[in-house]
Amino acid sequence: MEIDITGARIFYTFPFEIPILGKLQITETMVISWVVMLLITGLCIWLAHDLKVEHISKRQALAEWLVEKANRFVVGNMGEEFRYLIPFVAALFSTSLVSNLISLVGLRSPTADLSTEAAWAAVVFVMITGQKIKTNGVGGYMKSFTTPIPVMTPFNILSELATPISMACRHFGNILSGVVISSLIYGALALASSALFGLLPGVLGDVLSGIPFLDVGIPAILSIYFDWFSGFMQAFIFCMLTVMYIKGAAEA
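None of these values were measured; they are calculated from a predicted model. (Residues numbered from 1 in each chain as written. Predicted model: local features only at pLDDT ≥ 70, side-chain atom pairs only at ≥ 80, totals over all residues. Heavy atoms only, no water.)

Asker: Explain the overall build of the protein chain residue by residue, including any values.
Answerer: Scanning the protein chain from terminus to terminus reveals seven helices and three strands. Ordered by position in the sequence, the α and β elements of the protein chain form the string β-β-β-α-α-α-α-α-α-α. A burial count over the protein chain gives 33% of its 252 residues as buried. Contacts in the protein chain between residues far apart in sequence, at least 24 positions, make up 61% of those at least 6 positions apart. A total of about 15,100 Å² of accessible surface is found on the protein chain, and carbon and sulfur atoms cover 73% of it. (Helix = DSSP H or I, 4+ residues; strand = E, 2+ residues; numbered from the N terminus. Buried < 20%, exposed > 50% of the residue type's maximum accessible area, 1.4 Å probe, protein only. Contact = heavy atoms within 4.5 Å. Areas by Shrake-Rupley, 256 points an atom, 1.4 Å probe, with all protein chains shown as cover.)

This is the structure:
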């Protein structure tokens, strides 16, 4: 097992070899991403189990409410012709949300690793480009880089590439900043607790100063913003940008 430390990111890699593929690296981000996918899959199976037409259960009512919200979000922002994107947008939102909130149980959020958001943004970028080609054709898409004048071509190309980069970095930056700030708060409270209880005389002070009492309760209040609110908002914003960019590509 190896540990790779890059800036504020710490993750584990588990190297192993496959005869044909060679040496592969399984990172902590990948493992927790699989856990997230298993959680979402299990939740979907539980919600969709034993559906009825009449006298539905609260579980089925919740499932129908979630589906209706996804329908309204996509169709309301993009139109009926994009109804086929509802499963994709719903999966993107749920994966982002669960990945953001999984840090509440002590696991490192996959979205605190830029590679996660970069992969999502790359998929969205391919969909945006595909929609532009579908709308204007290959020739029309290539010609769009030369408008309003050919000299603007390099800047238009940079603007096109900036879309997935900005989407990935925005989501990653907000999640990582929450992780870093929360870690700093935990560390500061631990030091404050040690200093405060260290004032007690004798063995009592020595024992109590080693227990971070202030880490209990106070961080939970801050997690309402850094984990719950910020996690939900970043998932929502990423999906909103996705539908807006694809819709804009269809109208270009």
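Asker: Describe the side chain of Asn100, naming the residues involved and giving the relevant values.
Answerer: Relative to the assigned elements, Asn100 resides in helix α3 (residues 86-101). When its relative accessible area of 4% is taken as the criterion, Asn100 is described as buried. Within polar-contact distance, the side chain of Asn100 engages the side chain of Thr111 at 2.7 Å. Apart from residues lying up to four places away in sequence, Asn100 is in contact with Ser109, Thr111, His171, Ile175, Gly231, Gln234 and Ala235. (Polar contact = N/O pair within 3.5 Å; in protein donor to acceptor, adjacent residues only side chain to side chain.)

Asker: Can you lay out the packing of aromatic side chains for me, pointing to particular residues and giving the numbers?
Answerer: Remark: the centre distance and the inter-plane angle together describe each pair of aromatic rings, the angle taken between the planes. By the definition in use, this model includes five aromatic pairs. Aromatic side chains Phe93 and Phe232 sit 5.8 Å apart centroid to centroid with 85° between the ring planes, which places their arrangement in the edge-to-face category. Taken together, the positions of Phe93 in helix α3 and Phe232 in helix α7 (residues 218-251) put the pair 139 residues apart, joining distant regions of the chain. Phe93 sits in the partly exposed class, given a relative accessible area of 22%. Judged by relative accessible area, which is 40%, Phe232 ranks as partly exposed. (Phe/Tyr/Trp six-rings, centres within 6.5 Å; stacked < 30°, edge-to-face > 60°.)

Asker: Account for the UniProt feature "transmembrane region" (unreviewed entry) in the protein chain, with residues named and values stated.
Answerer: In the UniProt entry, the feature "transmembrane region" (unreviewed entry) is given for residues 31-49, 84-107, 175-200 and 220-246. Helix and strand shares over residues 31-49 are 89% and 0% respectively, and the end C-alpha atoms of the span are 27 Å apart. Split by type, residues 84-107 is 67% helix and 0% strand. Its first and last C-alpha atoms lie 33 Å apart. (UniProt positions renumbered as here; feature names shortened; annotations may be inferred.)

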